[in-house]
Amino acid sequence: MKIVNLVGARPNFVKIAPLIREMRRFGDIEPLLVHTGQHYDEAMAGQFFRDLDIPTPDASLGVGSGSHAYQTAEVMRRLEPVLEKAGPDVLVVVGDVNSTLAGALTAAKLGIPVAHVEAGLRSFDPTMPEEINRRLTDAVSDYLFVTEESGRRNLLREGADPAKIHLVGNVMIDALELYRPQWERSTIAGRLGLSCKDYGVVTLHRPSNVDRPEKFQTVVRALSEVAEHIPLVFPVHPRTRHRIRESLDGEEPGRAAGRLQCVDPLGYLDFVALVSRARVVLTDSGGLQEETTALGVPCLTLRERTERPVTVSAGTNRLVGTAPDRIVEEARRVVESRTPRVQPPPLWDGRAAERIVALLRGRR
Ligand code: UD1
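Residues numbered from 1 in each chain as written. Predicted model: local features only at pLDDT ≥ 70, side-chain atom pairs only at ≥ 80, totals over all residues. Heavy atoms only, no water.

Enquirer: Pulling in residues and values, what's your account of the site of the ligand?
Expert: Taken together, 18 residues lie near the ligand, and His39, Asn98, Glu130, His205 and Arg239 sit nearest. One of the side-chain nitrogen or oxygen atoms of His39 is found 2.8 Å away from an oxygen atom of the ligand. The contact in question runs from an oxygen atom of the ligand to an N or O atom on the side chain of Arg239, over 2.7 Å. Surface burial for the ligand is 88%, taken as the share of its 750 Å² of free accessible area covered by protein chains. Elements with a minimum of two residues in the shell around the ligand: helix H3 (68–86) and helix H12 (238–247). The greatest single-element share of the shell around the ligand, amounting to 3 residues, is contributed by H12. When its residues are assigned to classes, the shell around the ligand shows 5 nonpolar, 9 polar and 4 charged. There are two domains that each give the shell around the ligand at least three residues, and those are domain 1 (2–170 + 348–361) and domain 2 (182–336). (Near = heavy atom within 4 Å. Polar contact = N/O pair within 3.5 Å; in protein donor to acceptor, adjacent residues only side chain to side chain. Areas by Shrake-Rupley, 256 points an atom, 1.4 Å probe, with all protein chains shown as cover. Helix = DSSP H or I, 4+ residues; strand = E, 2+ residues; numbered from the N terminus. Nonpolar A, V, L, I, M, F, W, Y, C, P; charged D, E, K, R; others polar. Domains from an automatic or database assignment.)

Laid out in structure tokens, this is it:
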């Protein structure tokens, strides 16, 4: 069985690593890897390949940055001949980035079955580019591998064939468990001068939060205020780095006070280690809402909606929006209270890749 696995952007690398590792256990599977090049920097891609021991791609499409139309179209144009030549039995796509949608469309039009890992998540916010990617990817997928019960409900409501839907758990949590021995050895917190459970971690990169200068400035001011209560470390995504240059005249937020520390994006192992020892996480990321749930770290999500509701109902996540007073108040509340103990959501047990590969092998 030939399986082409497609990756493009940082969160994809984390999800594909446990899947390829599982596929390689079977002599009857030939797993190939194609990297679109949506993310290409050492910090956004190279470091992740090394940390997660991802094999060198069989094909690299070198698409790079650009508008949504450019990225989607270029991935399709460059992937089509690769898929035609490889003739796989299935294309595996993960997550909700532009590469995910472009890969799914290309394969579907060639008559190649598509497996979507992390299907069914919905924020019901059509202004999020990822929401469009999720809906369209699911519409052309033959295997819909779902991480949480809400995903199954959303897909059924949209009329998906129930036989295609499989609640399998979460491959991001597989990665957390698989690489636990490595990230537990990371010394990143000490290297940044931080003590265990006495700091917060910030990530921000959603266009809705960082692309509009007034909004970005407001959120950054709120974070600077939070940093008066607890030191914050902020690994800055390249999109956000550009906005710091444009919206904040290059002035790193909080630098004067020295309590909001901006650092370059971290590799996977250092980042998970930093999060696992944090008192609180403030983020607009999707995956981090899940990782903090699994790690039992309180997470404040600076968005109005989440496509991952189980992280709120069963996990440590709270949706706090972007009003500065609310962010500051919620952060203070978390810092002053004890961290609640939570049970991980059903099937977030480190065995999602095993279930996915078993289903793919069983359907030949
Ligand atoms: C993309 C995904 C988003 C995901 C995020 C994770 C889409 C629509 N968005 O957003 O869902 O949460 O990745 O990081 O697919 N850049 C670099 N180096 C890189 C990559 C990007 O400098 O290696 C800069 C470029 O200026 C680029 C900008 O970051 O224009 C944005 O990159 P892009 O891939 O378009 O979107 P992300 O914001 O990273």
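Enquirer: Let's hear about the nonpolar core: which residues, and what values?
Expert: Generally speaking, soluble globular proteins have nonpolar side chains that are buried together. Among the nonpolar cores identified, the biggest contains 61 residues, and Leu19, Leu52, Val92, Val201, Tyr268, Leu274 and Leu360 are the most heavily contacted of them. The contact partners of Val92, leaving out residues within four places of it in the chain, are Ile3, Val4, Asn5, Leu6, Ile16, Leu19, Met23, Ala115, Val117 and Leu360. Core analysis: the next-biggest nonpolar cluster, separate from the first, contains 27 residues, Ala227, Leu260, Cys262 and Val280 among them. (Core = buried A, V, L, I, M, F, W, Y, C linked by side-chain atoms within 4.5 Å. Buried < 20%, exposed > 50% of the residue type's maximum accessible area, 1.4 Å probe, protein only. Contact = heavy atoms within 4.5 Å.)

Enquirer: Could you give me a rundown of the domain arrangement of the protein, with the residues and numbers involved?
Expert: As assigned here, the protein comprises domain 1 (2–170 + 348–361) and domain 2 (182–336). At the junction of the two partners, domain 1 supplies 24 residues and domain 2 supplies 18 residues. Here domain 1 meets domain 2 over a buried area of about 1700 Å², counting both sides, of which 60% is carbon and sulfur. In this structure, the connection of domain 1 to domain 2 is made through 3 salt bridges. Glu130 is paired through a salt bridge with Arg206; the nearest N and O atoms lie 3.0 Å apart. Remark: the boundary between domain 1 and domain 2 carries 8 residue pairs in polar contact (both at pLDDT 80 or more). For the side of domain 1 that touches domain 2, the elements supplying multiple residues, two or more each, are helix H1 (10–23), helix H2 (42–51) and helix H5 (129–139). Here the side of domain 1 that touches domain 2 gets 5 residues from one element, more than from any other, and that element is H2. (Buried area = accessible area lost by both parts, 1.4 Å probe. Salt bridge = Lys/Arg side-chain N within 4 Å of Asp/Glu carboxyl O.)

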